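Okay, here's what each chain looks like letter by letter:
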Amino acid sequence: MSLPDPILFAWWASSISAGSLFLAIVGIYLYATTRSRRRKSNQTTKNVGGLFKDFIFVWVLLGILVFYIITINIGSSLIFAAGNILVEALLIAYLLKNRKEESEER
Amino acid sequence: MPTGVYQTLGTSENGLSETEANRRLKVHGYNELPTHVFSKLQVLIRQFKNPIFAILIACAIIAGTYSEPTQSIIILSMIALSVILGFYNEYQAERIVENLRKNVSIKAVVTRDGKSSQIDSKLLVPGDLVSVYVGDIVPADMRIVKSKGLQVDEATFTGESFPVEKISDRLNLERPTPQQLTNYLFMGTVMIHGSGQGIVVSTGKKTELGAISKSLVRTHPETEFQKGIKSYGTMLVTLTIALTIGIFSINTAIGHPLIDSLLFSLAIAVGLVPELMPAIITISLARGASRMANAKVIVKRLVSIEDFGNMDVLCTDKTGTLTEGKIALHDSQSLGGETNDKILTCSLLCNSAAVGEKTVGNPMDTAIWEYAIKNDAQEDVKSYDKIDEIPFDYQRRIMSVVVRKNEEYILISKGAPESIFAKCGRADISGRTEPLSAVRKAINAKFFSLSELGYRILAVACRSVEVKNSYSVEDEADLTLLGFLIFTDPPKNDAHQAINRLKEMGVDVKILTGDNELVAKTVCEELKVPVKRIVCGADLMQMSFTEIKTVVEEATIFARITPEQKLDIMKALKANGHVVGFIGDGVNDAPALYEADVGLSVDTAVDVSKEAADIVLLEKDLLVLADGINEGRKIFGNTIKYILMGTSSNFGNMFSAAAASVFLPFLPMLPMQILFMNLLYDISNMALPTDNVDEEYVKKPKRFDIGFIRKYTLFFGPFSSLYDFLTYGIMLFIFGASTPALAPVFRSGWFVESFWTEVLVIFVIRTRRIPFFTSRPGKWLTLLTLSCVAFGTILPFTILGGFLGFAPLPPEYWVLLFLMVATYLFLVDAGKVFFYKICKF
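Residues numbered from 1 in each chain as written. Chains lettered and ligands numbered in written order. Predicted model: local features only at pLDDT ≥ 70, side-chain atom pairs only at ≥ 80, totals over all residues.

Caption draft 1: Highlighting the overall build of chain B. Helix and strand counts for chain B stand at 30 helices and 25 strands. For chain B, the spread of C-alpha atoms along the three principal axes comes to 110 × 60 × 40 Å. For chain B, the residues scored as buried account for 51% of the 841 residues in total. Contacts spanning at least 24 positions in sequence make up 73% of the contacts within chain B whose residues lie at least 6 apart. (Helix = DSSP H or I, 4+ residues; strand = E, 2+ residues; numbered from the N terminus. Buried ≥ 20, exposed ≤ 12 C-beta atoms within 10 Å, placed from the backbone. Contact = placed C-beta atoms within 7 Å.)

Caption draft 2: Here's a closer look at the overall build of chain A. Each helix and strand in chain A was counted, giving four helices and zero strands. Looking at the 106 residues of chain A, the share that counts as buried comes to 20%. Relative to all contacts within chain A whose residues are 6 or more apart in sequence, the contacts with residues 24 or more apart total 73%.

Caption draft 3: Broad picture of the packing of helix α15 (residues 436-452) of chain B against helix α17 (residues 517-526) of chain B. Residues and elements named next belong to chain B. Running from N to C, α15 and α17 point in directions that differ by 25 degrees, and their axes come no closer than 7 Å. Considered as vectors, α15 and α17 are oriented roughly parallel to each other. The crossing of α15 and α17 is right-handed. Contacts between α15 and α17 involve F448, S451 and E452 on the former and, on the latter, L518, V519 and T522. Tallied by class, the residues present in the contact of α15 with α17 amount to three nonpolar, two polar and one charged. (Axes fitted to C-alpha atoms, helices over the stretch in contact; angles between N-to-C directions. Parallel < 35°, antiparallel > 145°, perpendicular 65-115°, else oblique. Left-handed = near helix turned anticlockwise from the far one by under 90°. Nonpolar A, V, L, I, M, F, W, Y, C, P; charged D, E, K, R; others polar.)

Caption draft 4: Layout of the nonpolar core. Residues and elements named next belong to chain B. By size, the foremost hydrophobic cluster in this structure holds 211 residues, and its most contacted members are M142, I268 and I615. For this core, the element with the highest residue contribution is helix α23 (residues 622-663), accounting for 18 residues. Both of domain 1 (5-30 + 104-132 + 138-212) and domain 2 (44-95 + 222-291 + 628-838) provide at least three residues apiece to this core. When residues no more than four places from it in sequence are discounted, the contact partners of I268 are L243, T244, I247, M654, A657, A658 and I674. By size, the runner-up hydrophobic cluster in this structure holds 41 residues, among which are I327, L335, L344 and V403. (Core = buried A, V, L, I, M, F, W, Y, C linked by C-beta atoms within 7 Å. Domains from an automatic or database assignment.)

Caption draft 5: Focus on the interface of chain A and chain B. Taken together, the contact pairs 35 residues of chain A with 36 residues of chain B. Looking at the side of chain A that touches chain B, the elements that each hand over two or more residues are α1 (6-40), α3 (56-74) and α4 (77-105) of chain A. With 15 residues, α1(A) is the largest single contributor of residues to the side of chain A that touches chain B.

Caption draft 6: Region of interest: the domain arrangement of chain B. On domain assignment, one finds that chain B holds domain 1 (5-30 + 104-132 + 138-212), domain 2 (44-95 + 222-291 + 628-838) and domain 3 (328-488). Measuring from the centre of the C-alpha atoms in domain 2 of chain B to the corresponding centre in domain 3 of chain B gives 70 Å.

Caption draft 7: Region of the structure containing the confidence of the model for chain A. For chain A, per-residue confidence averages 76 on the pLDDT scale, and residues scoring 70 or more make up 71% of the total. Within chain A, helix α2 (residues 48-54) of chain A has the poorest average pLDDT of any element, 65, and α1(A) the best, 81. (pLDDT = per-residue confidence, 0-100.)

Caption draft 8: A look at the environment of I199(B). Relative to the helices and strands, I199(B) is located in strand β7 (residues 190-202). Apart from the residues lying within four places of it in its own chain, the contact partners of I199(B) are V5(B), Y6(B), L9(B), T11(B), G127(B), L129(B), M142(B), R143(B) and V145(B).

Caption draft 9: Summary view of helix α20 (residues 563-575) of chain B. All names here are of chain B. Relative to the 18 Å expected for 13 residues at 1.5 Å per residue, α20 spans 19 Å between its end C-alpha atoms, a close match to the ideal helical length. Looking at α20, one finds that the buried residues are Q565, K566, L567, D568, I569, M570, A572 and L573. Backbone geometry just downstream of α20 places G577 in the positive-phi region, at approximately 95 degrees. (Expected span 1.5 Å × (residues − 1).)

Caption draft 10: Highlighting the sheet that holds strand β9 (residues 313-316) of chain B. All names here are of chain B. The strand order across the open sheet built from eight strands is β8-β25-β24-β23-β9-β20-β22-β21, with neighbouring strands paired in mixed fashion. A single partner strand is all that each edge strand has here, and the edge strands are β8 (297-299) and β21 (534-536). Recorded for the sheet is a direction-independent mean angle of 20 degrees between the axes of neighbouring strands. Across three bridges, the pairing between strand β24 (residues 598-602) and strand β25 (residues 615-617) is parallel. Across the sheet, V602 pairs through a bridge with L617, a residue of β25. (Pairing = 2+ DSSP bridges.)

Caption draft 11: How the structure looks around α17(B). Residue and element names in this part refer to chain B. All of the buried residues along α17 are L518, V519, A520, K521, V523 and C524. Looking at the buried side of α17, the elements it contacts are α15, β18 (456-464), β20 (508-513), β21 and β22 (557-559). Downstream of α17 by a residue or two, K528 has a phi angle that is positive, lying close to 55 degrees.

Caption draft 12: Spotlight on the pairing of strand β15 (residues 408-415) of chain B. All names here are of chain B. Where strand β14 (residues 398-405) and β15 come together, eight bridges link them in antiparallel fashion. Looking at the pairing, V403 lines up with I410 of β15. Examined bridge by bridge, β15 and β18 share six bridges and lie antiparallel to one another. Of the residues in β18, the one forming a bridge with I412 is C462.

Caption draft 13: Representation of the environment of E306(B). All names here are of chain B. With respect to the helices and strands, E306 occurs in helix α11 (residues 304-310). Assessed through the 31 C-beta atoms surrounding it within 10 Å, E306 is described here as buried. Residues E306 and R703, 397 residues apart in the sequence, show an inter-C-alpha distance of 9.4 Å. Ignoring anything within four residues of it in the chain, the contact list for E306 reads F225, G632, I635, F636 and T639.

Caption draft 14: Just the packing of helix α9 (residues 258-272) of chain B against α23(B), in detail. Residues and elements named next belong to chain B. Following both chains from N to C, one finds α9 and α23 inclined at 165 degrees, their axes separated by 9 Å at the closest point. In terms of orientation, α9 and α23 fall into the roughly antiparallel class. Read as a crossing pair, α9 and α23 show a hand that is left-handed. Residues F264, I268, G271 and L272 of α9 touch α23, and the partners they reach there are N650, F651, M654, A657, A658 and S661.

Caption draft 15: How the structure looks around unusual backbone geometry. All names here are of chain B. The phi angle at D478 is positive, at roughly 55 degrees, despite the residue not being glycine. Turning to its location among the elements, D478 is positioned in the loop between β18 and β19 (479-488). Non-glycine residue K528 carries a positive phi angle of around 55 degrees. Note that K528 resides in the loop between α17 and β21. Judged by the 11 C-beta atoms lying within 10 Å of it, K528 is exposed.

Caption draft 16: View of the environment of I457(B). Residues and elements named next belong to chain B. You can see I457 is positioned in strand β18. Judged by the 20 C-beta atoms lying within 10 Å of it, I457 falls in the buried class. Note: C-alpha distance between I457 and F447 (10 residues apart in sequence) is 7.6 Å. Residues contacting I457, with those up to four places away along its chain left out, are P417, F447, L450, S451, F484 and I486.

Caption draft 17: Region of the structure containing the confidence of the model for chain B. Residues and elements named next belong to chain B. Here chain B averages 84 in pLDDT, while 93% of its residues score no lower than 70. Residue range residues 213-217 is modelled with pLDDT below 50. Its contacts to residues more than four positions away, or to other chains, number seven contacts. Model confidence for the complex: the whole-complex pTM is 0.74, and ipTM, which rates the interface, is 0.85.

Structure (structure tokens):
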């Protein structure tokens, strides 16, 4: 295990962070435009807790990003693999919960 | 009667014999133009018209001249493979369409061996005696021998839309132009008034139309789907140009070799453009059309299928869709209410049906003859001689004949009751003649009560006329009303079920009928079709276009409307944002069929309607239509999947390649590797048209929403980029492939990951449900996708892989790849849940 080239690593970490942030911002933008449309038709009464819940996907995404940057910095494939399994478990839990809600709404 | 014409053209008043006709067919060939014929060469040439090939050929030349020749060979091989793929698929699609076209043939009434019969117009030969009627497309060039009020629209032939009168007289012209030949009918022109008979002079390519090679097909307005694809194309071109220029400039600025930078940016451009999209769409449409043909729905214009699926308003007539379409004469009644044989005889005389082995003509005239033959009531007709005829037209809604019995000349008129009433001065009440004004109320009451019972009514009137050479519309005046012809056309048993099914599918059915509102309302009530509002043609005439736009949203029935009003209704519905379908089978329906987003006709319709229609139903049945709509929605669904795939994963990959080229000391992937991945990706998508589509997707009509596609690209594109960056991290910092010497390992690692994510994501994107568990992909899609993934996986270990510049990957990589791609797919699925909560499609 050798330490990564700091300049290359900085470039890489900036790029992947920029990609994740872009994704998070797009998610927030899409959510905000829909919410303002719904507000106009009085369809929304969400509080801060509700907002946090709605954005859980974005929090998961940013969490994954941090995890990836740390593991790549460490350079351990074992930690990377184990972390991935954990992330998958989290995503499956998120999906199961939301699919259930979705089918109940239907 | 033109003398000598028969002799000159080698025929007689009895027409040719069947034997002679068959002999001439062998000599002159089929009477058809090569307008719809496609050749393998044409399909092949079309493959090279794709601008992507120009870019690829430029890449091959640049690579061959300035870089490695092997790179050039590989690019050229890929061009060849793409051409073969595109050619094979498009040729198959063309063949399907060609076979479907054969199901919709134009018929001609021909007299052979003294007997009239209907034959496929391609079997006509010079010398054949052909009868033509309103709505017919003239099937060959003909010398007119009989003409009655003949007017022809020669717009397809001369460009002049004003009707041209045609006669049967001999003309004394030296070197006449075709336009001067008023005693000729030319192939492709449309009969708009009157009737006539002609002798075929030339057929197929030897006709005037064949000589100038003009197509009979009028241009249809662009469909909603075509507009959507166009705006999608514009979006892609803008992105591609911006990204390509950006990549080239940045790569050159940071010191990468000029040629490498150029080739790399061009390869990115190729990677961004879904060059197989036209082929994928054509295959989807052709396969769908083939399946629809099994449901007796023949697609003439492939591109209309998607609008067919997305149609949310269907305008239909009543006869044959809501009713059985088997019009039968129920009774011929005097104004006193008794059955009256004189009215029946008059209607047999004033009749346009051709009676031969089989009675051919408009359904009501045919029904009168069938009733008379069944009741043996046609004998009286023989005591009359037919002198003249004033043909039916849609303005008057009346047909008249002048007949002679002994020395008396009688004009008989038959038509829509309101039109006949307006021409009458008297009425015959059980043998007593009374002024019409005195009995008008009672007659109206009788007409309304019969209409309310759902009967279709025609009125019959007559008067004695003086002897003249010729009679005209002006003679239809001061008639004596005799009584009514009462027709039945029972409602269809399954019409209620069909309308409900269409309603469930989000298609609103509107009835546009020439009948009066009472008949239409009664039929709807019998079928339990809710009627929101009835609007009559007379009401529409008083309205501005803005008012029509409001009324078309509210009304269910439009009664007694003119062809122009049908057109206005189409325009108003389209202006309100609907995708409109229109079913029509009459000569007056052609303009509305062109105007509608989807023009539908039936096989038994007049030629102009069939020619104007996008889709022809072999059975006039709304249930068949519902099946066709379902098929159209599936095709639309699979096309959208391809677009969403391309704009999300493909775009994401190319974007990350561009970004990586900035900070890496070498190109993240060689141009030929990008092109190869692109080709492999396209092959994996070939089975997409066969994929299953979720039930809920086809429940409601969809629109091509470029805004949605833009949001989708913005949201899902970065997912793929994110995992590409992650792979860079793994290759650079876990496997240490950060030097130019280890670039092949880096490229192999990224190629495999990029290809896996790019291709496998289809299983997530193709459905809103849980992939595989609640929505199974099509077996061919699964098989082809997994085969391509397998090929892409073993590629770095093969000779071809070495040739392309790849190197074998360490075993540890595969474990990480598997876990990483699994996380990616779960993350996209979670993103999908989030995305569809906020963006509806």
